[in-house]
Amino acid sequence: MDVLIHVFVALHIIGIASLLGGFLTQMKAMGAGTARFVPAMLHGALTMLVTGVALVGLNEADGGHVNNIKIGVKTLILVAILALVYVKRDEETVDKGVFAAVGGLTLANIFIATLWT
């Protein structure tokens with residue numbers, strides 16, 4: 001079970017890397033007002049959602065304790081990110097505020113995951 005959990009943790013990290021990497025590659029374009037949500041951002045957020053749900057289930061099945069409040073907050077943030085990216089995914093340019101919100105929420109999710117004990 002531990003190997004399976006570690007595989008899903010790795011996939012979860014790949015998802016956050018895709019979401020954050022997509023954001024960071026568009027930072028210069030955001031300054032110019034031409035930023036857009038790249039497919040990697042949507043796919044990364046979806047990967048995070050699927051692997052996160054799987055990780056909660058696997059940890060519970062393995063007898064581990066999961067902080068439900070922390071997971072709930074992280075899930076709400078991720079759903080907000082997914083909603084913004086999904087709705088605006090086909091637009092040629094995205095408003096700076098919306099784009100910055102996705103980046104800020106992504107960073108908030110990372111800090112919640114690492115600092116909330």
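Look up a bit, the structure's there.
On a predicted model such as this, the values are computed, not experimentally measured, just so you know.

**Quick notes on the packing of helix α1 (residues 2–25) against helix α5 (residues 96–115)**
How two helices pack is summed up by the angle between their axes together with the distance between the axes.
Then step 1. Packing of α1 against α5 brings their axes to within 10 Å, and their N-to-C directions diverge by 145 degrees. α5 is crossed by α1, and the crossing has left-handed handedness. The residues of α5 that touch α1, namely those facing Ile16, Leu19, Leu20 and Phe23, are Phe99, Ala100, Gly103, Thr106, Leu107 and Ile110.

**Here we look at the layout of surface pockets**
Then step 1. By volume, the largest pocket is sized at about 670 Å³.
Then step 2. The wall of the largest pocket is formed by 23 residues, among which His12, Leu55, Ile71, Lys74 and Ala113 lie closest to the centre.
Then step 3. Going through the elements one at a time, α1, α3 (39–61), α4 (68–88) and α5 are the ones with two or more residues in the lining of the largest pocket.
Then step 4. Taken together, the residues of the lining of the largest pocket break down into 13 nonpolar, eight polar and two charged.

**So, α1**
Because each turn of an α-helix spans 3.6 residues, side chains separated by three or four positions end up pointing in the same direction.
Then step 1. Taking 1.5 Å per residue as the helical rise, α1 with its 24 residues ought to reach 34 Å, and the 34 Å between its terminal C-alpha atoms agrees with that figure.
Then step 2. Taken residue by residue, α1 has Ile5, His12, Gly15, Ile16, Leu19, Gly22 and Phe23 as its buried positions.
Then step 3. Buried residues along α1 sit in contact with α2 (27–32), α3, α4 and α5.

**Observations regarding the pattern of salt bridges**
Then step 1. Scanning the model with the defined rule gives two salt bridges in all.
Then step 2. Two residues, Lys88 and Glu91, come together in a salt bridge whose shortest N-O distance is 3.7 Å.
Then step 3. Owing to a relative accessible area of 26%, Lys88 belongs among the partly exposed residues under this scheme.

**Some thoughts on the packing of aromatic side chains**
Note on aromatic pairs: each is described by the distance of the centres and the angle between the planes.
Then step 1. In the structure shown here, the tally under the stated rule is two aromatic pairs.
Then step 2. When the ring of Phe23 is compared with that of Phe99, the centres are 5.0 Å apart and the planes differ by 20 degrees; the resulting orientation is stacked. Residue Phe23 is found in helix α1, and its partner Phe99 is found in helix α5; the two are separated by 76 residues along the sequence. Take Phe23 and Phe99: they sit in the same class, and that class is buried.
Then step 3. Ring geometry for Phe37 against Phe99: centres 5.3 Å apart, planes inclined by 25 degrees, an arrangement best described as stacked. Taken together, the residues Phe37 in the loop between α2 and α3 and Phe99 in helix α5 connect sequence positions 62 residues apart. We note that Phe37, like Phe99, is buried.

Basis of the calculations
Residues numbered from 1 in each chain as written. Predicted model: local features only at pLDDT ≥ 70, side-chain atom pairs only at ≥ 80, totals over all residues. Heavy atoms only, no water. Axes fitted to C-alpha atoms, helices over the stretch in contact; angles between N-to-C directions. Helix = DSSP H or I, 4+ residues; strand = E, 2+ residues; numbered from the N terminus. Left-handed = near helix turned anticlockwise from the far one by under 90°. Contact = heavy atoms within 4.5 Å. 1 Å grid on protein atoms, 1.4 Å probe; cavity = no way out; pocket = protein on both sides within 12 Å on 5 of 7 lines; lining within 4 Å. Points joined across faces, edges and corners; volume = space filled by probe spheres on them. Nonpolar A, V, L, I, M, F, W, Y, C, P; charged D, E, K, R; others polar. Expected span 1.5 Å × (residues − 1). Buried < 20%, exposed > 50% of the residue type's maximum accessible area, 1.4 Å probe, protein only. Salt bridge = Lys/Arg side-chain N within 4 Å of Asp/Glu carboxyl O. Phe/Tyr/Trp six-rings, centres within 6.5 Å; stacked < 30°, edge-to-face > 60°.

So far we have only geometry, and geometry alone does not tell us how the molecule works.
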